[in-house]
Amino acid sequence: MAYITLRDVHLAFGGPALLDGAHFNLERGERVCLIGRNGEGKSTLLKLIEGSLLPDTGEVSIQNGLTVSMLAQDVPMDSGKVADIVADGAGEAAAVLKAYHEASDACVLGDMEACDHMGMLQHKLDQLDGWALENKVNSILSKMGLDPNADLADLSGGRKRRVLLARALLTQPDVLLLDEPTNHLDVESIEWLEKFLLDQNNLTLLFISHDRSFVDSIATRIVELDRGILRSYEGNYSRYLDLKAQQMEAEEKQNALFDKKLAEEEAWIRQGIKARRTRNEGRVRALKDLREQSKARRSQQGKVSMATQDANRSGKLVFDIEHLSVTFGDNAPIIKGFSALVMRGDRIGLVGDNGVGKTTLIKAILGEIEHGGSVKTGTQLEVAYFDQLRNALDLEKTVMANVSEGSDFVDVNGGRRHIYSYLQDFLFSPERARTPVKALSGGERNRILLAKLLLKPSNLIVMDEPTNDLDMVTLELLEEMLSDYKGTLLLISHDRAFMDNVVTSTWVFDGKGNIDEYIGGYQDYLEQRPDDKVVDQKSDVKKAQAKAEAAAQKKVKLSYKDQRELEQLPAEMEKLEKEQAELSAKLADGSWFVSDANAATLASQRLAEIEEALLEKLERWDILENMSKGN
């Protein structure tokens, strides 16, 4: 028997139905990802299952005795002791336990009434098994690396989510509902969450996410909410894309046949009596039915149409950054001694934990904050800045007023367009365009920012977390636009798939003020970082060649350190190759394993280490050699 079942569920809030006869089963042990366009009703569906909403008609059935817990999308800004917030998930026992600790603290300070009250609370805790609750709280906080005495208000967004997850898991639910669990998390926190969820035995998940890497790691099945209907797709996100394309092609063909038949019947009914010979009442009734079906048919929501505004090309050099440092107050530097060249056409991704200085670096490069070192700016730069904090939006004004700043027309690549027409490219109907921004979802607000940003001619786009709350279709269109962009891009994002598909190099922040540059996107960084092990030598040789080719496309001046490394690499490789040849010769006939097995085994292990080291040095030599030639 399924854990959760939806049968013919209908739900609407005045407009088109969010759920229109929806059917769904969730089986034990499944990890199902719920996807769909912004505003389709995904969060509403989770609330139906959680029980905070009821359907207009239909049935939401949950297996008897099943416990369901939900991690909401929004991160609270409240303060409070972490242990108390987690324990709140246990209801009455948590309230009594909290009161006991408060009375205990007061008793220590000499409050005799509190001391007397402790006895009653202790008795109640015994009845509710409250002491076991305290052990559970401490255990789960330890597992998640959280300080039970910390104040929630002092934690980062990622650690707040850990607290909320701990509260949701405290009662050991059979089903966990997650609404956009990776939003505003840094990459390290997302990877921690992936591992944590995969390690939970027998936990059944139903989650909403637009993070494609997260979905591919976690999901065993994908369910799409599309125009009120739930459709299931076995497998990962890539498999879903293939199946969805086939489904849409079939739907388009079916609609085309329907439209053709309707047009033929409309033409027939308009003919004169002689042409129609005798009046066919059955055919008239059939035409009426076709008209009703046409009115009821819901077309798939359109795709965002986005394009950048043409601007003059910037100079070949965009930024020459030398020993840039930023320090706030007397604390350790947030950024120390960072040097880099940014050339026209570079698409650079910035990666690191929350709070390590990614936005600070952007502001320093753009001259918005004071810094040490120097930043030489190239010529003819025209900057368009996508702001993570959405400071560019006036929440009280309408969508139209925010984008056009009061005008009925906007300039798009030299031509005039009415603001309603332009906003329809970003899926805002005229009615929605007149709506105050404060009434819109996070995804819609991000689309407004994109509409506003792309009206500005630019040859340098700076984007700080542009992907939060965007649905997958819009994400992919944004990827396509940025990949075709002729200017330069500086991008902060925790969306690993987005980074892999867009950037040509990655700046990685270590949280101690240091920043390292790697060729390619996030996966390329993982393969290049020093602590990675070489598993498949042939595969990695191909990767090394690919990275060398990518490096060859960039013109980057070698630093003194890199130049020195390039000069020393041939001698280092020659020394390793000599040692490799000597060990191979000694191990060739196998007699060494007979005369001295331990020494031979160590030599064999050393030979494997040499092969790995040679491959890494060859890869590094290829990259530096191509950079030095300016290819």
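Attention here is on the structure that accompanies the text. (Residues numbered from 1 in each chain as written. Predicted model: local features only at pLDDT ≥ 70, side-chain atom pairs only at ≥ 80, totals over all residues. Heavy atoms only, no water.)

1. Some remarks on the state of the cysteines
What makes a disulfide is a covalent bond joining the sulfur atoms belonging to two cysteines. Under the definition given, this model contains one disulfide. Here Cys107 is linked by a disulfide to Cys115, with a sulfur-sulfur distance of 1.9 Å. Residues Cys107 and Cys115 are joined through a disulfide that is right-handed, its torsion about the S-S bond being 100 degrees. Take Cys107: its relative accessible area is 23%, and that puts it in the partly exposed class. (Disulfide = S-S within 2.5 Å. Buried < 20%, exposed > 50% of the residue type's maximum accessible area, 1.4 Å probe, protein only.)

2. Some words on the environment of Ala94
Inspection of the secondary structure assignment puts Ala94 in helix α3 (residues 92-108). Overall, the relative accessible area of 2% leaves Ala94 in the buried class. Here the alpha-carbon distance between Ala94 and Trp131, two residues 37 residues apart in the chain, equals 10.0 Å. In contact with Ala94, other than residues within four places in its own chain, are Ala87, Asp88 and Leu133. (Helix = DSSP H or I, 4+ residues; strand = E, 2+ residues; numbered from the N terminus. Contact = heavy atoms within 4.5 Å.)

3. Observations regarding α3
If you check α3, its first and last C-alpha atoms are 25 Å apart, about what 17 residues at 1.5 Å a residue would give, namely 24 Å. Along α3, the residues classified as buried are Ala93, Ala94, Val96, Leu97, Tyr100 and Ala103. On the buried face of α3, the contacting elements are α2 (82-87), α4 (112-128) and α5 (130-143). Gly110 occupies a position one or two residues after α3 and carries a positive phi of about 100 degrees. (Expected span 1.5 Å × (residues − 1).)

4. A look at the pairing of strand β7 (residues 204-208)
The buried fraction of β7 is high, at five of five residues. Of the two faces of β7, the one lined by Thr204, Leu206 and Ile208 and the one lined by Leu205 and Phe207 are each fully buried. The sheet contact formed by strand β3 (residues 31-35) and β7 spans four bridges and is parallel. The residue of β7 that forms the bridge with Leu34 is Ile208. With five bridges joining them, strand β6 (residues 175-179) and β7 adopt parallel strand pairing. In the sheet register, Leu176 faces β7, and the bridge partner there is Leu205. For the crossover that starts at β6, traverses helix α7 (residues 187-199) and ends in the parallel β7, the hand is right-handed. (Pairing = 2+ DSSP bridges. Right-handed = clockwise from strand over helix to strand, strands pointing away.)

5. Remarks on the packing of aromatic side chains
Under the definition given, this model contains eight aromatic pairs. On the numbers, 4.9 Å between centres and 70 degrees between planes, the contact of Phe338 with Trp507 is edge-to-face. Taken together, the residues Phe338 in strand β11 (residues 335-343) and Trp507 in strand β19 (residues 505-509) connect sequence positions 169 residues apart. As far as burial versus exposure is concerned, Phe338 and Trp507 are alike and both buried. Taken together through their ring pairs, the aromatic side chains of Tyr233, Tyr237 and Tyr240 make up a single cluster. (Phe/Tyr/Trp six-rings, centres within 6.5 Å; stacked < 30°, edge-to-face > 60°.)

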